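Listed here are the chains, written in short residue letters.
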2 protein chains.
Amino acid sequence: MIPDILSQGQYATVYNFLSLVIASQLFTAVFLLISLPRVLPRYRQAITVAIVVCGIAAYHYFRIFDSFKDAFISKAAGGAGDYSQAVGVSFNEGYRYVDWLLTVPLLLVELIAVLALARKVQSGLLMRLVPAAALMIALGYPGEISGDNGLRGLFGLLSTIPFAYILYVLFVQLSKSLNTQPVSVRKTIGRLRFLLLLSWGVYPIAYLLPLLNISGADAWVFKQVGYSVADIVAKAVYALIIFGIAKAKSYEDNAEFAASEAAHDDVASSRR
Amino acid sequence: MIPDILSQGQYATVYNFLSLVIASQLFTAVFLLISLPRVLPRYRQAITVAIVVCGIAAYHYFRIFDSFKDAFISKAAGGAGDYSQAVGVSFNEGYRYVDWLLTVPLLLVELIAVLALARKVQSGLLMRLVPAAALMIALGYPGEISGDNGLRGLFGLLSTIPFAYILYVLFVQLSKSLNTQPVSVRKTIGRLRFLLLLSWGVYPIAYLLPLLNISGADAWVFKQVGYSVADIVAKAVYALIIFGIAKAKSYEDNAEFAASEAAHDDVASSRR
């Protein structure tokens, strides 16, 4: 699974993408932390969860980055030539699952929190989404660490069941609640669900690569890049969209707040 | 007690669980720190103590993680194959006791602080709970580091006395005070005590494993996983429930605060 040898270019590609994820997650968290007072208090729970998700992802990517740097070494001067696996150190693919076990349920909490639904509806949705998300990740793990394609396929299949259930809750059950949302954000929330579907779709594809007999160093590098891009979209980009929704809803709820906060001439003009 | 050899899978399991605890404690602390203004000032003492507890636990798990990483090494390329004990470095199980000595009394302070009882009742409860908790941990330590099963049993038994006393205070003496709590949180506080009982119950079980002649690498890995999960539940999950109680009580105490803070449409609607 983990290639014995990476070319200098392959090594640099993975190295740079892992670092890109750290920068994206860490500074999305910093941006949101500074911007927290720019939404009404009732939407700060959603943004706080978004900060925590990006923070947890940054922490794990620091570890993944270090693990990668330790796991491959070049014997040539200046790091030229191939990088081969170091003695006694393994690249820990498992970190991704530890990260997802915490962050994936929280991504759904973020989404539900920003909707600010009635208490009963909200807890009903969370009681269904959070355990399903944790189960989805937990079922993927045994397949990922097993070298056996049969086990990988079996656990991949099992993990698809909670995934399908999450999609059902998001695209069928949640749709009713969307009618209570301000018109201005309804479209964005709809698009957010598709972003979630699209970015989450990368994970099963990367997971199934070994089953398609796509292996070797190139496939592994491709998988690392795919996971990295998916993590940026599913967490950092997603968080920024959630922040946009929270801001739009804050303005909608409170015209005075909108007039003082909005940077747009047309929104702010109401104060003159 | 500490196994000479761990398989690659056993090593990865302990490694990932220790890291999971770091992420959980650290980002629960971050979440609560950001969320502190979201409860009334009178409940911020409880949340501050919760932040400190999760922070202390994160610090100790950083140390435990590093200690584990240094204590076991693999001689194979890519870290494949078994991990054996490194020369000159030992895994420091004692860190857990240093952590508990600080955090376990503070967990009880958290609980009492969020109840916001009369000054006299509060200090009466703390004067009983805090020394008992410190004594419970201090008595467990000599048994844990002793290789002798007789000493382990003796100190385990001694440590059970303050534990039983804590349960008596929490489940008998505290029950009277619960009637002064708002109805909305009474159930949650009741459940919190059982969460505490359940998660604290893991520690004596792990402690007694050697007495039951359950030993070997698998038992040791199981113990590390058990301690990790128990620490996440007893500190991070517990802190989030305390935060929930503090938020509910804040809303109950101050309708204006509730209207501006509450994310739920039905609570917030009272403001319109």
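Everything quoted here is computed from the prediction, not taken from an experiment. (Residues numbered from 1 in each chain as written. Chains lettered and ligands numbered in written order. Predicted model: local features only at pLDDT ≥ 70, side-chain atom pairs only at ≥ 80, totals over all residues. Heavy atoms only, no water.)

*Asks:* Quick question: what am I supposed to make of the overall build of chain A here?
*Replies:* Scanning chain A from terminus to terminus reveals 9 helices and 3 strands. Helices (α) and strands (β) of chain A occur, in sequence order from the N terminus, as β-α-α-β-β-α-α-α-α-α-α-α. Expressed along its principal axes, the backbone C-alpha trace of chain A runs to roughly 70 × 40 × 25 Å. A buried classification covers 52% of the 272 residues belonging to chain A. Partitioning the intrachain contacts of chain A with sequence separation of at least 6 by distance along the chain shows that 78% fall at a separation of at least 24. Distance between charge centres in chain A, computed from 22 positive and 17 negative side chains, equals 10 Å. (Helix = DSSP H or I, 4+ residues; strand = E, 2+ residues; numbered from the N terminus. Buried < 20%, exposed > 50% of the residue type's maximum accessible area, 1.4 Å probe, protein only. Contact = heavy atoms within 4.5 Å. Lys, Arg positive; Asp, Glu negative; His and termini not counted. Charge placed at Lys NZ, Arg CZ, Asp CG, Glu CD.)

*Asks:* Just checking my understanding: could you explain the UniProt feature "transmembrane region" (unreviewed entry) in chain A for this structure?
*Replies:* Residues and elements named next belong to chain A. With numbering aligned to this structure, UniProt lists the feature "transmembrane region" (unreviewed entry) at residues 12–34, 46–62, 100–118, 125–142, 154–174, 194–213 and 225–246. Taken end to end, residues 46–62 comprises 100% helix and 0% strand; its first and last C-alpha atoms sit 25 Å apart. Helix makes up 100% of residues 154–174 and strand makes up 0%, while its end C-alpha atoms are separated by 30 Å. (UniProt positions renumbered as here; feature names shortened; annotations may be inferred.)

*Asks:* For this particular structure, what's the right way to read the pattern of salt bridges?
*Replies:* Once the charged atoms of two side chains with opposite charge are near each other, the side chains can pair. Evaluated as defined, the whole model comprises 14 salt bridges over all chains. For Arg96(B), the salt bridge is made with Asp231(B), and the minimal N-O distance between the two is 3.8 Å. Of the two residues, Arg96(B) is situated in helix H3 (residues 94–115) and Asp231(B) in helix H7 (residues 217–253); the sequence distance between them amounts to 135 residues. Notably, a salt bridge pairs Glu144(B) with Lys223(B), separated by 3.4 Å at the nearest N-O pair. Taken together, the positions of Glu144(B) in helix H4 (residues 119–145) and Lys223(B) in helix H7 put the pair 79 residues apart, joining distant regions of the chain. The burial state of Glu144(B) is the same as that of Lys223(B); both residues are buried. Put simply, Arg96(A), Asp99(A), Asp231(A) and Lys235(A) are held in one network by salt bridges that share partners. (Salt bridge = Lys/Arg side-chain N within 4 Å of Asp/Glu carboxyl O.)

*Asks:* I keep staring at the packing of helix H3 (residues 94–115) of chain A against helix H7 (residues 216–253) of chain A and nothing clicks. Help me out?
*Replies:* All names here are of chain A. Look at H3 against H7: their axes get within 11 Å of each other, and the N-to-C directions meet at 20 degrees. On the basis of their axis angle, the class for H3 and H7 is roughly parallel. Along this stretch, H3 crosses H7, giving a crossing that reads as left-handed. Each of Arg96, Asp99, Trp100, Thr103, Leu107, Glu110, Leu111, Val114 and Leu115 in H3 lies in contact with H7, whose residues at this interface are Gln224, Tyr227, Asp231, Ala234, Lys235, Tyr238, Ala239, Ile242, Ile245, Ala246 and Lys249. Class assignment of the residues belonging to the contact of H3 with H7 gives a composition of 12 nonpolar, 2 polar and 6 charged. (Axes fitted to C-alpha atoms, helices over the stretch in contact; angles between N-to-C directions. Parallel < 35°, antiparallel > 145°, perpendicular 65-115°, else oblique. Left-handed = near helix turned anticlockwise from the far one by under 90°. Nonpolar A, V, L, I, M, F, W, Y, C, P; charged D, E, K, R; others polar.)

*Asks:* Whenever I open this one, the relation of the copies chain B and chain A confuses me. Can you help?
*Replies:* Here two copies of a chain appear, and what relates them is a rotation about an axis with a shift along it. Superposing chain B onto chain A takes a rotation of 70 degrees plus a shift of 0.4 Å along the axis, which leaves an RMSD of 0.1 Å. As the rotation angle and translation indicate, the two copies are arranged about a five-fold axis. Of the C-alpha atoms belonging to chain B, the one lying closest to the rotation axis is found on Ile34(B), 9.2 Å away. (Least-squares fit on C-alpha atoms with pLDDT ≥ 70 in both.)

*Asks:* Please explain the confidence of the model for chain A as it appears in this structure.
*Replies:* Detailed reading of the predicted coordinates is not advisable wherever pLDDT falls low. Across chain A, the average pLDDT comes to 89, with 97% of residues at or above 70. Taken element by element, chain A is modelled with least confidence in helix H9 (residues 265–268) of chain A, mean pLDDT 61, and with most confidence in helix H1 (residues 8–35) of chain A, mean pLDDT 97. (pLDDT = per-residue confidence, 0-100.)

*Asks:* Help me understand H3(A), please; the structure alone is not making it clear to me.
*Replies:* Each full turn of the α-helix corresponds to 3.6 residues, which orients residues three or four apart in the same direction. Residue and element names in this part refer to chain A. Between its first and last C-alpha, H3 extends 33 Å over 22 residues, near the 32 Å set by a 1.5 Å rise per residue. Along H3, the sharpest change in direction is near 35 degrees and occurs at Trp100. Within H3, 19 of the 22 residues are buried, which leaves the element mostly enclosed by the surrounding structure. Once H3 finishes, Ala116 follows within two positions and takes phi at roughly 50 degrees, a positive value. (Expected span 1.5 Å × (residues − 1). Bend = angle between axes of the 7 residues up to and from the residue.)

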